[in-house]
Amino acid sequence: MSVKIRKSLVATALVGAFAFASSNVIADPLNDVQKAGQTIQKAAVKSQTKIDNVYGQTQELIAEYRSIVDETELMKVYNDHVARLVADQNASIASFDRQIATIDNTKQNVVPLMYRMIDTLEQFIKADVPFNLETRLGRVERLREIMASASVTTSEKFRQVLEAYTVETAYSSAVTASQGTLDVDGRSINVDIGRLGRITYVAQSFDLKHAWVWDNNTKQWKELGEEYLKPVKEVIRMARKQATLELVKLPIFGAE
């Protein structure tokens, strides 16, 4: 091999060695850059994760805050409502206290009133058409017994007095029929009796040949003429619901 050729080979070898050395020198900084980039990227991901977590926690806190604000508003409205209820209850309690304070005076006024009402009821029954007389006067006597009973409250006594008045009021619109006897000229006659409220109180013999109407002025039965036999019969039939209610011509004697 010539000297020239060997020099060329040596030069080539040196250039290759230099190039290899140069490539190693360049490669190390690139690796560092890549590693640094990866580190930065990982740090950025961690930072973003932390940011996301903080944001999520912040949203939860905001939602919780809003919920608390809403609950506070509801509680305020409810508390105002309860306050109004308490005020109304306090007013009711004060009213009850005033009523309790005057209950003794009320009893003192009500008891004499009930006695007057019972006396008035008895007087009315005795002045009225004498239907169901025994039952009605018996009701008055029971009221007197109740008034003398310590086991019956004042309110219950008053209720029963009012109930007796209600029963008497109902008689004014009742239509009834019954049977009984009349004493006429010393004779006892079996009769049908019909009543339309307190307007008409009539009787008719079973043989339909005689009829009477109660004269409340004289407190006696007054015999009617033959022209009233059929109307009295119709009144009794209407009272027994054997005929429809209709107008009939009869003399009327009511309580004064």
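Each remark here, short or long, concerns the structure printed above.
This structure is a prediction, so every number in the text was calculated from the model and none was measured.

(A) Spotlight on the overall build of the protein. Across its full length, the protein holds five helices and five strands. When the elements of the protein are put in sequence order from the N terminus, they spell out α-α-α-α-β-β-β-β-β-α. Per-residue burial over the protein gives 22% buried out of 256 residues. The long-range share in the protein, meaning contacts at least 24 apart out of those at least 6 apart in sequence, stands at 46%. With an accessible surface of roughly 18,500 Å², the protein has 59% of that area assigned to carbon and sulfur atoms.

(B) Spatial organisation of the pairing of strand β5 (residues 220-223). Sheet topology places strand β4 (residues 211-215) next to β5; four bridges connect them, and they run antiparallel. Across the sheet, residue Asp-215 finds its bridge partner in β5, namely Gln-220. Linking β4 back to β5 in an antiparallel pair, the connection comprises four residues, with Lys-219 at a positive phi of about 60 degrees.

(C) Region of the structure containing the environment of Phe-206. Checked against the element boundaries, Phe-206 lands in the loop between β3 (200-205) and β4. Each C-alpha atom of the pair Phe-206 and Gln-179 lies 9.6 Å from the other, and the pair is 27 residues apart in sequence. What Phe-206 contacts, discounting residues up to four positions off in sequence, is Gln-179, Asn-190, Val-191 and Asp-192.

About the cut-offs
Residues numbered from 1 in each chain as written. Predicted model: local features only at pLDDT ≥ 70, side-chain atom pairs only at ≥ 80, totals over all residues. Heavy atoms only, no water. Helix = DSSP H or I, 4+ residues; strand = E, 2+ residues; numbered from the N terminus. Buried < 20%, exposed > 50% of the residue type's maximum accessible area, 1.4 Å probe, protein only. Contact = heavy atoms within 4.5 Å. Areas by Shrake-Rupley, 256 points an atom, 1.4 Å probe, with all protein chains shown as cover. Pairing = 2+ DSSP bridges.

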